[in-house]
Each structure stands twice: as C-alpha cells, then as structure tokens.
Amino acid sequence: MFIAVGPREQDFAYTGNFFNGTVTLYGSGVGSNSSYCSSRKRRINHNVFNEDQVRFIDDELMNKVHENPDVRFMSYDPNQAFNCSKEIVERTVCLNEKALMDKMNDKIAFRNWAKSMCNVQISKLLFGSQCSYENLCNLFVGYDTFVIQAVQASGGEGTFILTFQNCLTVAHKLSQSERYMVSGYEKSNIPLNIHAIIYKDDILIFPISIQIMRLNSYKLLYQGADYIAAQNIDAGLLQTFKDYMLKMCRQLQCEGYRGITGVDAMIVGNEVRILEMNNRFQGSTILLNMALNNANLPSMPELNYEAFTCDKPSCVVDDLIVPYSCFTYIADKDGHRPRAHYREFELRADVVDVLDEGLNYDYEIAPYATLERVIFNSNIVSVSSDNKVMVHPNITDISDDWVEKIVDEKNILYTKIALINQGVHISTQAQKFFCDRGGMREAVYNAIDIQLGEIVINAPINVKFSDLSPFELKAENDSLKLYFINEFIADVDVKPEDEVRKKKTSSGQAVRDICLLATDRVRVQHSCNCDFVRHSVGCKFCEVEDHEFSFDFNDICESIDLYKSSDYKFRHFLIGGRSDSCDKESKSIVDIANYINRDCKYPIYVMCVPPFSTNVLDAYYKAGVTEIAFNIEIWDRELAKKWMPGKGAIPLSRYLEMLKYAVTLWGSTGAVRSSFVVGLEPMSSLLEGIEKICSIGAAPILSVFRPIPGTIAENVVPLTNSELLALFYKATAICDMYGLELGPQCIPCQNNTLSLPRSLMRGEG
C-alpha cells in the first residue's frame, strides 16, 4: 500500500494506480485524500511550513500505519519526512542520506560543490545587517536591483528583490545576524528548470521548462512553468544546461544519491548560470506526469521508486515531448483573491485542467497562498528579443493601479491601452444584440472598433486569449455597455456590418477583397497579393496570404464608386494594405489617387514601401496625396530581417532618404509618418528609431503587436500594459522635443495605435 505525501493532491495525478491515497496540505479532503487546508478550513502558503502542518502530516500518517503496518509512504519533498515520527521515516521509500540531502538544500554549499562542474551564478555571502541598498550598490557595481536569498528556502519564499524604492521594507524582513546569498538582479534573464532521475547505472534527463517567476510585492515567487515555449530557446544553450545537469547528476550518482532531482538555472546573454538543485519533485512535475501518461510510460513517482529498486530505468525519455504549460494563481500579500477571470477556463479548448485543490473562499486565506492552478496545452509565455520572459497579460492578475485608473477614475489612456492590448470578451447577450442587427463591422487585425466617447479603440476579439480579457461587452436596455472586471465603465457603440462589402463588381469580384470601411476612412488595396508573400519573404506577424482571385483597376474604381454613392459617412481614403513590386505599386497608387479625385477632392493617405526615386513622391503629391507613410516597423535591422525577411532587407537609408524628401513636400507637422510595431524589439532600439524619425520631421506611429492567428508570430506574447504606458510617455516626450505628436493626426484613425488626442491628456504624465 503506497500513500503519497506532499503539498498538493494533484501533484500525484496522472500516476495511474501507483498510489492508494494521498495526505496533502492542499486537497479536496474527500475519498482517499486527507487535506490539512480542508480540515483546518484555512488556505495556507505551503512554502512557509509550521508546526501545526507537521503535526497534521505526522498524525495522518500514523493513522495509516495503525490501519496497515505494511503501508509505505513516498514524499513530494523527502526532506519533510525527517520531521515525522520514527515509524513514518522507517516506512518512507526513496530516502537518501540526510547529510547528502542537507548539502543539496544549502544554497551556499551547493554552489561551492557545483562550481567545478558548471557555471554558477556569482553571489556574495552577507549578513542581513550588510544588505543596505548603499552597500549593495558598492559591492555590485552596475546594478540597481538585487536578489537576496535565504540559504534554505523554496517556491520563492525567502527570496527578496531589493530596490531603492523598497529597501527599507525588505530590510525589516531580514534577520540582521542571518547569512544571505546576494547577487545583482539580471533584468533580462530566462529562468529554467530541468528534472532528472538518478539510477545506479543510468540517469534520465527530462525536457527543460521555462519557470514563471513573478514579482509580488518584494518577493520573487514561482507561479508556473511552460514546456512549450522552452522549445524555442536556442538549442545550444539548452544543450549546455543539459550537459551541466548530467555532470552534476553523475557526481551525485557517485556520492550515492538516487531518485528525483531538479535544477534551476537562468540564461543571461549567451551563458547558462546554475542557481540551485532541488532534491524533490517540483511544481512542474505534474506536466511531466501528463506527458509520460500520454506516451504510455511510467510516471515520475514510479520512475523515482524504480531508481531505488533497479540499477537501470525501464524506459527511455530522450524523445519525450511535453506539450503543456501551467499558471498558478496565488493570493496577494493581504490574502486577497486575485482579480483574474476564471469563468471561461473550464470551457476552453486550450485548457487541459483547472486544479483548485479543495479551494473554498469562505476559508481564511494566508498571504501568498496557492489558489487555482490552470494547465494549458498552449504556451502562455514567450521570450522577448532582449531575453525577458513575457507572460500573457490576460493570464496574469490585474494590478490595483490599473483597476483604480480604469474603474474609479475612468482614465481614457489606461482604458485604451488595456483594450488594445487585452481585447474584449463579447457576452452572449451582446452577440445576440449584433446578430439581431445584421452583425458588427469588421475591423483590422482581428478586432472590433469600439466607440468610447470621442475616440475609437480597436480591441481584439479573435486572437490568443482575447476571450479571457478583463473587459466585457454587454447588451442592456437595447444598448452596448463596457465592463471591466464586472464594473461598469461606459456606454459604447460598435458600428453595424458594412453592407457595401457584401456587393460585387460587374466582373463578379467581391468588394470586400478590395475595400474596407473603418472608422472615418475607406481603405483601398492597390494589389490583390503581397509581393513579399509571393516570393516567400512575407512578414511573419502579418496574415496576408496569396489569393487565387484577382482584381483589376476597373474593379477598384467600381468599389470606390460604391462607397462614394453609399449612405456611409467617411472623411478620407487610405491607399495601401499590400506591397507590390515598386513599379507596379507606384503606378497603381497614382492611378487610384487620380480616380478618387476626378470629380470630388478627398484627403488621401498612402502607406507603401519607400520608392527608389524621389520622382515617385513628386507624382504622388501631384496626384493629390495629402499624407504618406513608409512604415519601418522594426528599427533593429537584424530583428527586422528575422520578422520581415522581405521588408527587413530594405536598408534604413532608403526609408530615411524618402521620409526626408517627403517632408519637403508635405511638411513637418505630421503628414509624413512611419509606423513601428511595438513588442518585437527591445525598447532601447525602438526609442532610438522614434527619435531618428522625429529628427527628420516625420511623425512616428506606434502599432501595438498583435498575435494574429495563423501567422508565425501567433504564439508571441505581447508587452504588458504597464510597458506600453511607459513607452507612450517616453515617445510623447521625444515627439514634444521636435514639435510633433504621435501619429496619425486623424483621431478616428488612431484606433489601433498607441496615441491619444492632446485634448484628452490633461493631467496625464
């Protein structure tokens, strides 16, 4: 009879019939599970162990012994077994020598032991009394943030992030006479974890996961793992980590260690730094159990047991794929429930399981207590171009600051940024509202355009995790209302479907393939296909594909006429949307502009690749083009070539030359522009590009990256709302230096950009 002992009941899920029961801290407390939290009606932080928990585990296990003297126990953390009664220790399987376990648990001893075999994170051993901010700045030159770790801790408990802002708070949490490991905090790093199981004559090495470490108050806490996203990390760096792991495991093997172990590391730049080794199962073990179960292989607990009873493993795991990620929601520092939405998790196709471990919100909830854990079959993080792990903003919790700004203050800037970035969930009533009115108008980039007061906001609805947005559209009393975490924000409007787009030209070509009515403009595509896509060098974040259909100039003219003669009110035309070869593109743009203005003058905005000759710009100007944009999109040219193999090969010099000349024609007040995609390059290079554009008299447009389904970039995680807010202020300050504003000038056309009319920015900053 085997009983599993550990923090969570679900840690031992997907293990077949290996266990006959579980004794855990979190758990349902029903059936074969005995749960501390359920019995005490209190939700705890399991990383802070106390005597009552020890007594509970000991009493429950002793009851099992009295029921069946042949019972055997396997512990999630074997170190905890040594806290129990002698009878329990004697019946606990998979125990290594305590002296060896203690050496691994001591972070200082471990790093001293490991440094001869691998690259370990450099740190200093300091007393709490030495951890003043000023002293650390002197000891770690070049750093302004520091990691302070207790010698023995887990789950992030005992790990503090010290900054100038919180140094006094953290100082009160440290014992002045206790020793801590201190290092400079690497703001750009990828935290990793790997499991291994050590046998007498073999070692099993498992796939690597990205650890999700979140800063909560002054603590850096573990909140999940992503095996899927880890597969996109440089293969050489992953192999280095595995090689380090194998070296350490071989040494442990020689010292007599058997069974489960795990190592935490981080990638900084082009090097792997080892942090610590865990002689236990880990938070991501459940995902390995799921993958092993899918492959009809023994679970991690079974392999752990096997390592103590067999010289070699019964299986190989070299080709094991772990197609899962997970995120754990925890209470805040005051024990409050996070605001993140859970209502849709169980219904989602990309959610495998929602584990609440007997959670009851009527219980007392401790600070940083574990609440729900959600398991996905899709990545929830990605690594940015500057080696930062980005967690999808609709997965993480919502900060108090943003709730206050959006709900209490009705701040339009915060609301716009969050809507553009996080999207909106459309309630069942709102869906019926649109259906009864013939549908809603299609907007660019898998979104709808929401009219909110004076501005229009392009909010995604059909991109990854957009339906988990904290925003929701509801239909009440025959009108649309916008809510944020169930708090009313404002009455809003979404235009009904564009009826002209349903029509066809005399040749049978659908108008929807040529024109799009959005906000106050009609976009006209001068080409049915993109030349870059046609030559297999299309932009990896763009949904444009090659089409079998084609349209000619007559189809374009008929489509334009249909909009001119319709009842729809619009102010101007936009020519662009797909790139053609330079000669064809310039001729088409001139012909279309001349046709638009043949009987009535309209403002005409052109977006295109920069031509080779300034003569083309002269022709555009003569044809009545009133605004023009050559969209650089990514300033860092190496990243531009990665994400835009075709457009990225166009040298910046060509963009800048054409933008400079355009300024001589259209002026330096914002009619000449260049758009940047925000989220695919480091902030430093993006700001460099913004300033360069401004310095020549052109206005920057900031288009927030959106992971469009079906594109290569569909699983890239966008920036956080706070990062976008910080960029907005920095970019606005740069524009102010040159007498410009973030484009475009047209307020309705700012719908999908990081911008806001000056009239609405009073009090911002």
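Residues numbered from 1 in each chain as written. Predicted model: local features only at pLDDT ≥ 70, side-chain atom pairs only at ≥ 80, totals over all residues. Heavy atoms only, no water.

Student: Looking at this model, I keep getting lost on the overall build of the protein chain. Mind explaining?
Tutor: When helices and strands are counted, the protein chain shows 23 helices and 33 strands. Over its C-alpha atoms the protein chain spans a radius of gyration of 30 Å, differing by no more than 12% from the 27 Å that the globule rule assigns to 765 residues. Long-range pairs, those at least 24 residues apart, make up 69% of the contacts in the protein chain between residues at least 6 apart in sequence. For the protein chain, the accessible surface area stands at approximately 31,100 Å², while carbon and sulfur atoms represent 48% of it. Within the protein chain, the 97 negative side-chain charges are centred at a point lying 3 Å from the centre of the 76 positive side-chain charges. (Helix = DSSP H or I, 4+ residues; strand = E, 2+ residues; numbered from the N terminus. Rg over C-alpha atoms; globule rule 2.2 N^0.38 Å. Contact = heavy atoms within 4.5 Å. Areas by Shrake-Rupley, 256 points an atom, 1.4 Å probe, with all protein chains shown as cover. Lys, Arg positive; Asp, Glu negative; His and termini not counted. Charge placed at Lys NZ, Arg CZ, Asp CG, Glu CD.)

Student: It is not clear to me how the packing of aromatic side chains should be interpreted in this structure. Could you clarify?
Tutor: The geometry of an aromatic ring pair is captured by two quantities: the separation of the ring centres and the angle between the planes. A complete count under the given rule lists 25 aromatic pairs for this structure. Ring geometry for F18 versus F19: centroids 5.0 Å apart, planes at 80°, classification edge-to-face. The same class applies to F18 and to F19, which are both buried. A connected cluster of aromatic rings, assembled from ring pairs, spans F2, F12, F18, F19 and Y305. (Phe/Tyr/Trp six-rings, centres within 6.5 Å; stacked < 30°, edge-to-face > 60°. Buried < 20%, exposed > 50% of the residue type's maximum accessible area, 1.4 Å probe, protein only.)

Student: Help me understand empty space enclosed by the protein in this model?
Tutor: Under the counting rule described, the total for this entry stands at nine cavities of 30 Å³ or more. For the largest cavity, the calculated volume is near 90 Å³. Classifying every residue of the lining of the largest cavity by side-chain character gives four nonpolar, three polar and two charged. There is about 80 Å³ of room inside the second largest cavity. Considering the residues around the second largest cavity, the lining is formed by 14 residues, among which N421, P460, V463, P707 and P718 are closest to the centre. Ranked by residues supplied to the lining of the second largest cavity, first place goes to helix α14 (residues 412-422) with three residues. (1 Å grid on protein atoms, 1.4 Å probe; cavity = no way out; pocket = protein on both sides within 12 Å on 5 of 7 lines; lining within 4 Å. Points joined across faces, edges and corners; volume = space filled by probe spheres on them. Nonpolar A, V, L, I, M, F, W, Y, C, P; charged D, E, K, R; others polar.)

Student: I tried to follow the state of the cysteines on my own but got confused; where do I start?
Tutor: In the structure shown here, the tally under the stated rule is zero disulfides. No disulfide involves C600; its sulfur sits 16 Å from that of C557, the nearest cysteine. (Disulfide = S-S within 2.5 Å.)

Student: Is there a simple way to explain α14 in this structure?
Tutor: Given 3.6 residues to a turn, an α-helix orients residues that are three or four positions apart in the same direction. A large share of α14 lies buried, amounting to 11 of its 11 residues. Residues of α14 that are buried include every one of I412, L413, Y414, T415, K416, I417, A418, L419, I420, N421 and Q422, and no others. For α14, the side-chain oxygen to backbone nitrogen distance between the N-cap and L413 is 3.0 Å, and the N-cap itself is N411. A positive phi of about 80° marks G423, the residue just after α14. (Polar contact = N/O pair within 3.5 Å; in protein donor to acceptor, adjacent residues only side chain to side chain.)

Student: Can you help me understand the side chain of E186 in this one?
Tutor: Looking at the secondary structure, you find E186 in the loop between β9 (179-184) and β10 (190-198). For E186, the side chain forms a polar contact with the side chain of Y143, separated by 2.6 Å. Those residues in contact with E186 that sit more than four places away from it in its chain are Y143, M266, V268 and R273.

Student: Would you take a moment to explain the pairing of strand β32 (residues 672-678) for this structure?
Tutor: Note on strand geometry: in a regular strand, side chains alternate between the two faces of the sheet. Most of β32 is tucked away: seven of the seven residues are buried. By the alternation rule, side chains of β32 split into V672, S674, F676 and V678 and R673, S675 and V677, which are all buried. As judged from the two bridges shared by strand β31 (residues 627-629) and β32, these two strands associate in the parallel manner. Paired with I628 across the strands is V672, a residue of β32. Pairing of β32 with strand β33 (residues 699-704) involves six bridges; the strand directions are parallel. Paired with V678 across the bridge in β33 is V704. Crossover connection from β32 via helix α22 (residues 683-695) to parallel β33: handedness right-handed. (Pairing = 2+ DSSP bridges. Right-handed = clockwise from strand over helix to strand, strands pointing away.)

Student: Even after reading the chapter, I still don't get the packing of α14 against helix α23 (residues 721-737), so can you show me in this structure?
Tutor: The packing of two helices is summarised by the inter-axis angle and the distance between the axes. As a packed pair, α14 and α23 sit with axes 10 Å apart at the nearest point and diverge in direction by 125°. One finds that α14 runs oblique with respect to α23. The handedness of the crossing between α14 and α23 comes out as right-handed. From α14, L413, Y414, I417, A418, N421 and Q422 reach across to α23, where they touch N721, L724, L725, F728 and Y729. Taken together, the residues that form the contact of α14 with α23 break down as eight nonpolar, three polar and no charged. (Axes fitted to C-alpha atoms, helices over the stretch in contact; angles between N-to-C directions. Parallel < 35°, antiparallel > 145°, perpendicular 65-115°, else oblique. Left-handed = near helix turned anticlockwise from the far one by under 90°.)

Student: Would you mind showing me how to read the sheet that holds strand β26 (residues 487-492) here?
Tutor: The pairing of strands in a sheet happens through backbone hydrogen bonds and is either parallel or antiparallel. Taken together, four strands build an open sheet; the order of strands is β21-β24-β25-β26 and the sheet is mixed. Two strands in the sheet have a free side with no partner beyond their single neighbour: β21 (425-426) and β26. In the sheet, β21 pairs with strand β24 (residues 471-476) via two bridges, with the strands oriented parallel. Each residue of the ladder has a partner; that of H425, found in β24, is E472. Strands in contact with helix α15 (residues 428-436) are β21, β24 and β25 (479-484); relative to β24, the strand with the most contacts, it is inclined by about 60°.

Student: Would you explain the pairing of strand β12 (residues 219-226) in this entry?
Tutor: Counting buried positions along β12 gives seven out of eight residues, so the element sits mostly inside the fold. With antiparallel pairing between neighbouring strands as the criterion, strand β11 (residues 203-216) and β12 make up a hairpin whose turn holds two residues, including S217 at a positive phi of roughly 60°. Relative to strand β15 (residues 325-330), β12 is paired through three bridges, and the arrangement is antiparallel. Of the residues in β15, the one forming a bridge with G224 is F327.

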